[in-house]
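Breakdown of the fold
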Amino acid sequence: MREGRLIAPRSKRRPEKVPDYFADSVLDVDFAVLKKLGVKHIVIDLDLTLKKKLQWHLEKEVVDYLLEAKKKHGFKSISIATNNMLNINRYAKALSANVFQPYWQGLRLIRKPNQKYFQKIFKYLKAKPSECVIIGDKLKSDVYGGNRAGMLTVRVRAKGQDYWYDWVLFTRLRESRQLSKYIKKK
Ligand SMILES: [Mg+2]
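Residues numbered from 1 in each chain as written. Predicted model: local features only at pLDDT ≥ 70, side-chain atom pairs only at ≥ 80, totals over all residues. Heavy atoms only, no water.

Our next topic: the coordination of the magnesium ion. At 2.1 to 2.2 Å from the magnesium ion lie its protein donor atoms, namely Asp-45 (OD), Asp-47 (O) and Asp-137 (OD). Binding-site remark: the magnesium ion is held by donors from one chain whose sequence spacing is D-x1-D-x89-D. The residues Asp-45 and Asp-47 share a single accessibility class, namely buried. (Donors = N, O, S within 2.8 Å, 3.2 Å for Na, K, Ca; no water. Buried < 20%, exposed > 50% of the residue type's maximum accessible area, 1.4 Å probe, protein only.)

Next up, the structure:
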């Protein structure tokens, strides 16, 4: 990735919470690299990845960058895969993106990182997991979920301020501790 670093090639020894790539933001994701790795479908988290909290429209810069990448590299689709249960169509529309949200199966809510959530995406896209990349800010729902599903994973820094529950749970602190072992020193 332009600003990111390749941490480790896929191997059994790499924990599932460690992504294939890091990037500072969606705008720093190098889609040429992903294309070379056989990616055909882009799957992106919404909150704190594509947008900040309380942001009602995607920034033009972000939309343009993704649409340009899709066109230039011939990606088949862009999808938003979120645990957000509100209506997110206004974000998807700008990208002509598919939308994947949590759904109920009986009394269980199926959401990231549940593997059923990911299987539904592959089925819809008619794609192999290895042909899909997931780009997201959360180690558990995006990276762990994506790695387990067999996708390529890119972790971006959370965009803007975290949601309050992340602060309360010290999510970021825990995440950076988990990752620090794998980040190569500059
Ligand atoms: Mg997120």
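This is not the end of the story, as more comes after the structure.
Below, the discussion takes up the pattern of salt bridges. Counting across every chain of the model gives 8 salt bridges. For Asp-24, the salt bridge is made with Arg-157, and the minimal N-O distance between the two is 2.9 Å. Of the two residues, Asp-24 is situated in the loop between strand S1 (21–23) and helix H1 (31–36) and Arg-157 in the loop between strand S8 (152–156) and helix H6 (164–169); the sequence distance between them amounts to 133 residues. Asp-24 gets classed as partly exposed once you look at its relative accessible area, which sits at 30%. Asp-64 is paired through a salt bridge with Lys-60; the nearest N and O atoms lie 2.6 Å apart. Taken together, the residues span about one helical turn, with Asp-64 and Lys-60 both in helix H2 (residues 60–73) at a distance of 4 residues. (Salt bridge = Lys/Arg side-chain N within 4 Å of Asp/Glu carboxyl O. Helix = DSSP H or I, 4+ residues; strand = E, 2+ residues; numbered from the N terminus.)

Here we take up the packing of aromatic side chains. Per the counting criterion, the structure on display carries 4 aromatic pairs. Centre to centre, the rings of Tyr-117 and Phe-118 are 5.8 Å apart; their planes meet at 65°, and the pair counts as edge-to-face. For the residue pair Tyr-117 and Phe-118, the accessibility class agrees, reading buried in each case. Through successive ring pairs, a cluster of aromatic residues spans Phe-31, Tyr-65 and Phe-75. The ring of Phe-75 has Lys-35 lying over it, and the distance from NZ or CZ to the ring centre is 5.8 Å. (Phe/Tyr/Trp six-rings, centres within 6.5 Å; stacked < 30°, edge-to-face > 60°. Lys NZ or Arg CZ within 6 Å of the ring centre and 35° of its normal.)

Moving on: the packing of helix H4 (residues 115–125) against helix H5 (residues 139–149). Where H4 contacts H5, the axes come no closer than 10 Å and their chain directions differ by 65°. If you check the angle between H4 and H5, you find them roughly perpendicular. Considering only the axes of H4 and H5, their crossing is right-handed. For the pair H4 and H5, the contacting residues are Gln-115, Phe-118 and Phe-122 in the first and Ser-141, Gly-145, Gly-146, Arg-148 and Ala-149 in the second. Tallied by class, residues from the contact of H4 with H5 come to 3 nonpolar, 4 polar and 1 charged. (Axes fitted to C-alpha atoms, helices over the stretch in contact; angles between N-to-C directions. Parallel < 35°, antiparallel > 145°, perpendicular 65-115°, else oblique. Left-handed = near helix turned anticlockwise from the far one by under 90°. Contact = heavy atoms within 4.5 Å. Nonpolar A, V, L, I, M, F, W, Y, C, P; charged D, E, K, R; others polar.)

Per-residue confidence for the chain gives a mean pLDDT of 87; residues scoring 70 or more make up 84%. Contacts for the low-pLDDT stretch residues 1–8, under 50 throughout, to residues beyond four places or in other chains number 34 contacts. (pLDDT = per-residue confidence, 0-100.)

Strands sit in the order S1-S8-S7-S2-S3-S4 across an open sheet of 6 strands; the sheet is parallel. A strand with exactly one partner marks an edge of an open sheet, and here the two such strands are S1 and strand S4 (98–100). Pairs of neighbouring strands in the sheet enclose a mean axial angle of 25°, with direction left out of account. Of the pairings in the sheet, the one linking strand S2 (residues 41–44) to strand S3 (residues 77–81) comprises 4 bridges and is parallel in character. Residue Ile-42 lies in a different strand from S3, and its bridge partner there is Ile-78. Where H4 meets the sheet, its contacts fall on S2, S3, S4 and strand S7 (132–136), and the angle it forms with S4 comes to roughly 160°. Docked against the sheet, H5 engages S7 and S8, running at close to 160° with respect to S8. (Pairing = 2+ DSSP bridges.)

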